[in-house]
Amino acid sequence: MKDKKWDLVALASIPLIMTLGNSMLIPILPQISKELDISTFQVSMLITVFGLVAIILIPIAGFLSDRYGRKVVILPSLILAGLGGAICVAAAFFMDGITAYWVILAGRFLQGIGAAGAFPIVLPFVGDLFNDEKEISKSLGIIETSNTFGKVLSPILGAYLGTLLWYAPFIAIPILCFISFLMVLFLVSKPEKDEDAEKPNIREFMSEIKRVLHKKGRWLYAIFAIGGICMFLIFGVLFYLSETLETKYQLHGTTKGFVLAIPLTLLCLSSYGGGKIIGQNKRLMKWLGFAGMVLLTAAMIVAGFGKGIFFLLSFLSLVGIGIGVALPCMDALITEGIEKDNRGTITSLYSSMRFIGVAVGPPVVSLLMPRGHWVLFGSLAAVGVVGGLLTLFAVTPSEDKTGKKSGRHKDKSGRNIRHIRRQRAR
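Residues numbered from 1 in each chain as written. Predicted model: local features only at pLDDT ≥ 70, side-chain atom pairs only at ≥ 80, totals over all residues. Heavy atoms only, no water.

Peer 1: Before we move on, could you go through the overall build of the chain and cite the residues and values that matter?
Peer 2: When its secondary structure is counted, the chain shows 15 helices and zero strands. Expressed as a percentage of its 426 residues, the buried residues of the chain come to 54%. Summed over its atoms, the accessible surface of the chain is roughly 18,700 Å², and 67% of this surface lies on carbon and sulfur atoms. (Helix = DSSP H or I, 4+ residues; strand = E, 2+ residues; numbered from the N terminus. Buried < 20%, exposed > 50% of the residue type's maximum accessible area, 1.4 Å probe, protein only. Areas by Shrake-Rupley, 256 points an atom, 1.4 Å probe, with all protein chains shown as cover.)

Have a look at this one:
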């Protein structure tokens with residue numbers, strides 16, 4: 001892993017920057033609404049359009065990365081994300097009112113396209129770089145930690161930049177994307193490929209994906225759902241906590257950002273620790289992931305019995321720890337359980353489910369909040385129970401006798417048997 005540390009640093013910059021590019025806007029949305037004289041719904045679309053376009057395009061980016069290579073997809077995507085941010089800056093500087101809003105929305109749309117082709121491709125790229133499963137697990141833990149650190153930093157940094165200039169977070173996006181572009185371009189090496197391997201056409205590709213989902217669908221669908229549930233819960237909790245801190249406790253700006261960062265910091269630390277612990281033990285991944293789901297569910301139930309800020313913050317921090325433990329386990333299971341040829345597309349479907357969780361969490365919580373404190377946390381706990389049951393009964397990782405993942409066997413020349421059969425058929 002030491003000889004790939006700079007590759008990993010460069011790849012880890014992508015989830016950090018993509019997370020900052022979206023979440024930095026959350027604390028300044030009211031400020032944007034005031035500056036552009038737009039409604040709350042209109043300003044919320046700046047977050048929604050980013051997620052929606054990413055959900056749609058992520059599977060396409062996964063297919064392209066499987067067919068043409070990871071870097072070939074990531075580098076142009078970083079350029080698009082940076083260009084989207086630059087369009088937002090230009091609109092804020094040269095325009096005003098509803099005109100500026102529509103151009104900024106277009107910039108955010110372009111950012112979402114860039115995000116779809118950058119962050120989701122990182123997971124399969126890490127799986128391609130390393131052959132040892134223990135190194136893959138540790139590396140995925142670092143990637144998940146980088147993603148989570150972006151969530152920790154974003155409310156603080158976004159609130160601070162907003163005090164300097166209301167569109168300052170938009171200015172940061174193209175700068176950060178350019179830095180990440182240079183790091184990936186010069187520091188990330190291409191994984192070794194089988195030169196004789198034939199790239200499938202779209203029909204063969206879809207047939208192969210159907211085969212994978214038919215053979216491994218039970219645990220794959222479960223992990224898809226668990227990833228979506230985790231992101232649904234954490235963003236729902238953050239939305240609730242943000243609203244409560246501002247309306248009930250009158251905390252604003254950077255102070256609120258630091259309080260919001262507490263559960264996210266614990267999520268970040270537990271994510272890093274979980275990635276180091278699981279190694280190549282798939283059984284441990286399953287049970288540690290289950291423990292994380294149990295912890296977050298129990299914390300949700302207990303949080304339903306109290307409304308004090310310290311009480312809530314304590315147990316919502318436990319929710320963050322539970323999610324931080326569970327996510328690296330799901331990342332590792334899905335990355336290591338899929339052959340490299342299909343890894344990009346399968347992990348991109350997983351990333352799409354996570355984006356759905358991000359998009360759905362806040363509006364669902366906003367609908368539950370008026371119905372009462374216990375109804376809110378009871379409902380969130382019920383979602384956690386579903387995730388725990390899926391982990392317990394549907395996630396069934398298989399190992400061979402050596403404890404390594406099973407995959408397609410290769411002959412001495414390095415060609416996989418599927419390719420050889422295709423050649424013989426000709």
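Peer 1: I'd like a rundown of empty space enclosed by the protein, residues and numbers included.
Peer 2: Scanning the model with the defined rule gives two cavities of 30 Å³ or more in all. Looking at the largest cavity, its volume works out to about 40 Å³. Lining the largest cavity, in full, are E144, N147, T148, K151, M231, I234, L267, I323, L327 and R354. Broken down by secondary-structure element, the contributors of at least two residues to the lining of the largest cavity are α7 (133-164), α9 (202-247) and α12 (309-336). At four residues, α7 tops the list of elements feeding residues into the lining of the largest cavity. When grouped by side-chain class, the residues that make up the lining of the largest cavity number five nonpolar, two polar and three charged. Of the pockets and cavities examined, the second largest cavity occupies roughly 30 Å³. (1 Å grid on protein atoms, 1.4 Å probe; cavity = no way out; pocket = protein on both sides within 12 Å on 5 of 7 lines; lining within 4 Å. Points joined across faces, edges and corners; volume = space filled by probe spheres on them. Nonpolar A, V, L, I, M, F, W, Y, C, P; charged D, E, K, R; others polar.)

Peer 1: Summarise the confidence of the model for the chain; cite the residues concerned and give the values.
Peer 2: In the predicted model, the chain carries a mean pLDDT of 81, and 87% of its residues have values of at least 70. By mean pLDDT, the top-scoring element of the chain is helix α14 (residues 373-394) (95), and the lowest-scoring one is helix α15 (residues 417-425) (40). For residues 400-426, every residue scores under 50 in pLDDT, and the model assigns this stretch 35 contacts once sequence neighbours within four places are set aside. (pLDDT = per-residue confidence, 0-100. Contact = heavy atoms within 4.5 Å.)

Peer 1: Break down a nonpolar patch on the surface for me, with residues and values.
Peer 2: Together, W6, V9, F178, L182, L185, F186 and L187 make up an exposed nonpolar region whose accessible area comes to about 680 Å². Among the secondary structure elements, those contributing two or more residues to the nonpolar patch are α1 (5-23) and α8 (168-187). Tracing the backbone shows F186 in helix α8. (Patch = residues over 30% accessible without salt bridge, like charges linked within 9 Å, V, L, I, M, F, W, Y side chains within 5 Å. Salt bridge = Lys/Arg side-chain N within 4 Å of Asp/Glu carboxyl O.)

Peer 1: Which residues make up the environment of A298, and what values do they have?
Peer 2: Within the secondary structure layout, A298 lies in helix α11 (residues 282-303). With 86 residues separating them along the chain, A298 and G384 place their C-alpha atoms 8.7 Å apart.

Peer 1: Which residues make up the side chain of T19, and what are the values?
Peer 2: As for its placement among the helices and strands, T19 is situated in helix α1. Taking relative accessible area as the criterion, T19 reaches 8% and is therefore assigned buried. One polar contact links T19 to N147, side chain to side chain, over a distance of 2.7 Å. (Polar contact = N/O pair within 3.5 Å; in protein donor to acceptor, adjacent residues only side chain to side chain.)

Peer 1: I'd like a rundown of unusual backbone geometry, residues and numbers included.
Peer 2: Trans is the prevailing form of peptide bonds, just as negative phi is the prevailing case for residues other than glycine. The backbone of D37 sits at a positive phi, close to 60 degrees, despite the residue not being glycine. Among the structural elements, D37 can be located in the loop between α2 (29-36) and α3 (40-68). Relative accessible area serves as the criterion here: at 70%, D37 is assigned to the exposed category.

Peer 1: Provide a residue-level description of α2, including the pertinent values.
Peer 2: Inspection of α2 places L29, I32, S33 and L36 among the buried residues, and these make up the whole buried set. All buried residues of α2 project into a common sector of 100 degrees when viewed along the axis, lining one side. Across α2 from its buried face, at more than 90 degrees, point the exposed residues P30 and K34. One or two positions beyond α2, positive phi appears at D37, with a value near 60 degrees. (Arc of directions from axis to C-beta.)

Peer 1: Go over the pattern of salt bridges, please, and point to the residues and values.
Peer 2: Applying the stated criterion across every chain, the model contains two salt bridges. When the shortest N-O distance is used, the salt bridge between D128 and R70 registers 2.7 Å. Residue D128 is located in helix α6 (residues 119-129), and its partner R70 is located in helix α4 (residues 70-94); the two are separated by 58 residues in the primary sequence. Like R70, D128 is buried. D331 is the partner of R354 in a salt bridge, and the nearest nitrogen-oxygen pair spans 3.2 Å. With a gap of 23 residues between them, R354 in helix α13 (residues 340-368) and D331 in helix α12 connect regions that are remote in the sequence. Note on accessibility: R354 and D331 belong to one class, buried.

Peer 1: Give me the side chain of K286: which residues, what numbers.
Peer 2: Relative to the helices and strands, K286 is located in helix α11. Looking at K286, the relative accessible area reads 9%, which means it is buried. A polar side-chain atom of K286 sits 2.6 Å from the main-chain carbonyl oxygen of L392.

Peer 1: Residue-level account of the packing of α7 against α12, with values.
Peer 2: In contact at an axis separation of 9 Å, α7 and α12 are set at 135 degrees when each is read in the N-to-C sense. With respect to α12, the element α7 is oriented oblique. The element α7 and its partner α12 pack so that their crossing is right-handed. Residues E133, I136, S137, L140 and E144 of α7 pack against L327, P328, D331, A332, T335 and E336 of α12. Among the residues making up the contact of α7 with α12, the classes are represented as five nonpolar, two polar and four charged. (Axes fitted to C-alpha atoms, helices over the stretch in contact; angles between N-to-C directions. Parallel < 35°, antiparallel > 145°, perpendicular 65-115°, else oblique. Left-handed = near helix turned anticlockwise from the far one by under 90°.)

Peer 1: Give me the lowdown on the packing of aromatic side chains, citing residues and values where you can.
Peer 2: The full count for this structure, using the stated rule, is eight aromatic pairs. Ring plane angle 65 degrees and centroid distance 5.3 Å describe the contact between Y101 and W102, whose orientation is recorded as edge-to-face. Classification of Y101 as buried rests on a relative accessible area of 2%. For W102, a relative accessible area of 52% puts it in the exposed group. (Phe/Tyr/Trp six-rings, centres within 6.5 Å; stacked < 30°, edge-to-face > 60°.)

Peer 1: Explain the environment of V103 residue by residue, including any values.
Peer 2: Mapped onto the fold, V103 is located in helix α5 (residues 97-116). Once the C-alpha coordinates of V103 and A92 are considered, the two residues, eleven residues apart in sequence, prove to be 8.8 Å apart. In contact with V103, not counting residues within four places along its chain, are I87, A91 and M95.

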